[in-house]
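A structural walkthrough
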Amino acid sequence: MEETANNEPVKSLEVSSWDKGSAAIKQQYVTTKEKFHESIDSAWQKEGVQRCGGNGQSAQGDRKTQEEDAVEPPGKKIKLEEQTEDRKEKEDGKKARGQFKCRPHRKPHNYDIRLCPSVVQERADKCFYGDKCKFFHDIAEYMSVKPEDIGERCHLFDTFGRCQYSVTCRFAKAHTGEGFKNLVNEELLKKHEGRLMVKNALDKDLQRRLRKKQVSFKASEAYLKTINKTASQGASKKKAAECQALQCSNGDASTAGQDGQNCTAEDAATVDGLKAESVAEKQTSAEELSGSAGDCEKRTPHVEPTGLNSSEKTQDTQKPSPIKTVGALTDADLIKLRPSEKKQCGNLPFRRICKRFGADITCGEMAMCTNLLQGQSSEWALLKRHESEDLFGVQLEGCFPDTMTKCAELLNHNIEVDFVDINSGCPIDLVYKKVLDVPLTVKIRTGVQDKVNIAHKLIPEMKNWGVSMITYIDNCSKLASPIPLFGNGDILSYEDAIKARETGVSGIMLGRGALIKPWIFTEIKEQRHWDISSNERMDILKDFTRFGLEHWGSDTQGLEKTRSFLLEWLSFLCRYIPVGLLEHVPQKINERPPYYMGRDYLETLMASQHVGDWIKISEMLLGPVPQNFSFLPKHKANAYK
């Protein structure tokens, strides 16, 4: 740094560590990596606590070890003209991805120490499995091996008057009487009687009928027949015209009828069996449009049509749809998730946080149509809606008109939703218009290939499809009019929101920005920069853990589920830089924070990008992690590169 005549510091002309993609922080707060971690560790040592790595083991010694490099994202590279590595990467034509390919294979945690549900729920009848049940039936025996409670107050008991997890609750002391009896606050219980806080749960009878393919899809099947017939007729006319043109070129124009009926027997057979050829042709055109990211058949399995007579079923259930499709660009395209890493529950607790800060509309996490049609509980959990979500939609992903249409009809009759959103690179055709009673919205990208934009071609078509709203990341509001178009992408401040609104969009949608600072909704509505304190941010995390215990449960399994979602969220929250520390505001979403010391210890701790510090924060809220605990963020440093 240099100084002016008035001894005021100014930026040096040299290339500083934050000039190339890093945020500019006031000089008095900037520090080195070594001093940053030394400060955090010294505070821990005073408390007698050892920092642990992502695998639950203590991380002592040199921070430049291989383990440390695995759990903390590397520093941002400054692009220089002489960098041969970057040049080689461009020559290879390969784009760097944020996959954590070195993460080890880990099996999902099994909770062997569990009390039988028949005992927890105090059922009058005995356990259905009898002696074959693998869970505890003796409460005293279970309590002797149960992990210790982590607190003296139970949020569920204090809020609702009864904790449904009884002695399995990790706060059981707050509501356990003599003989391990589960206590009840009758006054509070009566106050919440008949109150349905979470809607759209999967009915067991519906799940059974879905699995046995006993659900009727009359509206979908009727409409699918019409589009298949239209596609077949169009293909037949095209083939007939080709036959006529071929005969004309051979000098046989005089023998060809007006409709091309005088083709050879071989040609006629080809016309009758045109469906397979038409499918292959349309599939090829879809692949040309989408590239590898649009290979829907590999990414999403086709579901056999349900509710049809055997004569109406196709011979090959894996045959792709005759309608041109590309499909959604999902997380699985960027981060190859393993089966044990698939999402288990929709993050309803986080949406409750966003509602508290002023979000007007909330939308569930993207659910796959094929899994919903199969009655998968984990996928239906993504559709759950809290009572605070007054304007709520579900987001669907699918590649085939038959599965998406049937899914729309299924949800239309079985859940409470205000709109259905298609998160898609190239959405399906008109199919939703015939089966939905609620508005249809579409979230699109500029395209699915780098530097190949197709959105401006899709928007006019969507107007004809009956789409009610489009969410997009560029200036296409004039093309969409009169359909409302919402802008999204790279919004982290109210200035970003204002800039987006200047393009003429009807509203804005936030994703990553809300994960980094959920109070952004308040900032946008009040048009101010909120220099939120570390204690206020900790209160937000406390609310999240309470909401998580409500949603996933206060027993060991639910508590650890809450912890896993909290840790994933902390991998985004650590990217926030307090307003009072910035050299200039606002912080940009792609600016990586350098190492800095906060105004207090908690603010410094929250700035850490080390997974061990995230675990420490989780232990401050949810108690010690269990033995053999492991956590490795899937996204590594994808947003930093």
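This text gives an overview of the structure that appears in the document. If you're wondering where the values come from, they're calculated on a predicted model, not measured in any experiment.

Reading the values: the criteria
- Residues numbered from 1 in each chain as written.
- Predicted model: local features only at pLDDT ≥ 70, side-chain atom pairs only at ≥ 80, totals over all residues.
- Heavy atoms only, no water.
- Helix = DSSP H or I, 4+ residues; strand = E, 2+ residues; numbered from the N terminus.
- Contact = heavy atoms within 4.5 Å.
- Phe/Tyr/Trp six-rings, centres within 6.5 Å; stacked < 30°, edge-to-face > 60°.
- Buried < 20%, exposed > 50% of the residue type's maximum accessible area, 1.4 Å probe, protein only.
- Lys NZ or Arg CZ within 6 Å of the ring centre and 35° of its normal.
- Arc of directions from axis to C-beta.
- Salt bridge = Lys/Arg side-chain N within 4 Å of Asp/Glu carboxyl O.
- Pairing = 2+ DSSP bridges.
- Polar contact = N/O pair within 3.5 Å; in protein donor to acceptor, adjacent residues only side chain to side chain.

In this section: the overall build of the chain. Counting secondary structure elements, the chain contains 26 helices and twelve strands. Sequence separation of 24 or more characterises 66% of the internal contacts of the chain that already satisfy a separation of 6 or more.

We now examine the packing of aromatic side chains. By the definition in use, this model includes eight aromatic pairs. Look at F128 and Y129: their rings are 5.3 Å apart centre to centre, the planes differ by 90°, and that puts the pair in the edge-to-face class. Taken individually, F128 and Y129 each receive the classification exposed, so the pair is uniform in this respect. Look at F544 and W569: their rings are 5.1 Å apart centre to centre, the planes differ by 55°, and that puts the pair in the tilted class. With F544 in helix α23 (residues 534–552) and W569 in helix α24 (residues 556–573), the pair connects residues that are 25 residues apart, well separated along the chain. Classification of F544 by relative accessible area gives buried; the value is 0%. What makes W569 buried here is its relative accessible area of 3%. Here a set of aromatic residues connected by ring pairs shows up, and it is made of F350, F544 and W569. Stacked on the ring of F547, the Lys or Arg R352 has its end atom at 3.7 Å from the ring centre.

Here the focus is helix α20 (residues 494–501). Along α20, the residues classified as buried are Y494, D496, A497 and A500. Buried residues of α20 fall within an arc of 155° about the axis and therefore sit on the same side. Check the buried side of α20 and you find it contacts β12 (507–509) and α22 (520–526).

Two side chains with opposite charge may pair up if their charged atoms get near one another. A complete count under the given rule lists 20 salt bridges for this structure. As a salt-bridge pair, K588 and D496 come within 3.3 Å of each other at their nearest N and O atoms. Here K588, found in the loop between α24 and α25 (601–606), pairs with D496, found in helix α20; they are 92 residues apart in sequence, far enough to count as distant. Looking at K588, the relative accessible area reads 38%, which means it is partly exposed. Where salt bridges share partners, they join D205, R208 and R209 into one cluster.

With that out of the way, let us pick up the environment of K134. Summarising the element assignment, K134 is placed in the loop between α4 (117–120) and α5 (139–145). Judged by relative accessible area, K134 falls into the exposed class, the value being 72%. For the pair K134 and D112, spaced 22 residues apart in sequence, the C-alpha to C-alpha distance is 8.4 Å.

A few words on the pairing of strand β7 (residues 392–397). Taken across its six residues, β7 has six buried, putting it largely inside the fold. Side-chain alternation along β7 places F392, V394 and L396 on one buried face and G393, Q395 and E397 on a second face that is also buried. Both strand β4 (residues 362–363) and β7 contribute to a ladder of two bridges, which runs parallel. Bridge pairing links C363 to G393 in β7. Across two bridges, the pairing between strand β5 (residues 367–368) and β7 is parallel. Bridging across to β7, A367 finds its partner in L396.

Position of C407 relative to the elements: it lies in helix α17 (residues 401–414). Separated by 190 residues in the primary sequence, C407 and F217 have C-alpha atoms spaced 9.1 Å apart.

Looking at the secondary structure, you find G358 in the loop between α14 (348–356) and β4. Spatially, the C-alpha atoms of G358 and I520 are 8.7 Å apart, while their sequence positions differ by 162 residues. With residues near it in sequence (within four places) discarded, G358 still touches F521 and K525.

Okay, unusual backbone geometry next. Here the bond from V585 into P586 is cis, since omega is 5°, no more than 30 degrees from zero. Turning to its location among the elements, P586 is positioned in the loop between α24 and α25. Here the phi dihedral of E122 falls at roughly 55°; this positive angle occurs in a residue that is not glycine. Mapped onto the fold, E122 is located in the loop between α4 and α5.

Take the side chain of E389 next. Within the fold, E389 resides in the loop between β6 (385–386) and β7. On the accessibility criterion, E389 (1% relative accessible area) is buried. Only 2.8 Å separates the side chain of E389 from the backbone nitrogen of H386, close enough to count as a polar contact. Beyond its immediate stretch of four places on either side in the chain, E389 contacts L348, R351, K355, T362 and K384.

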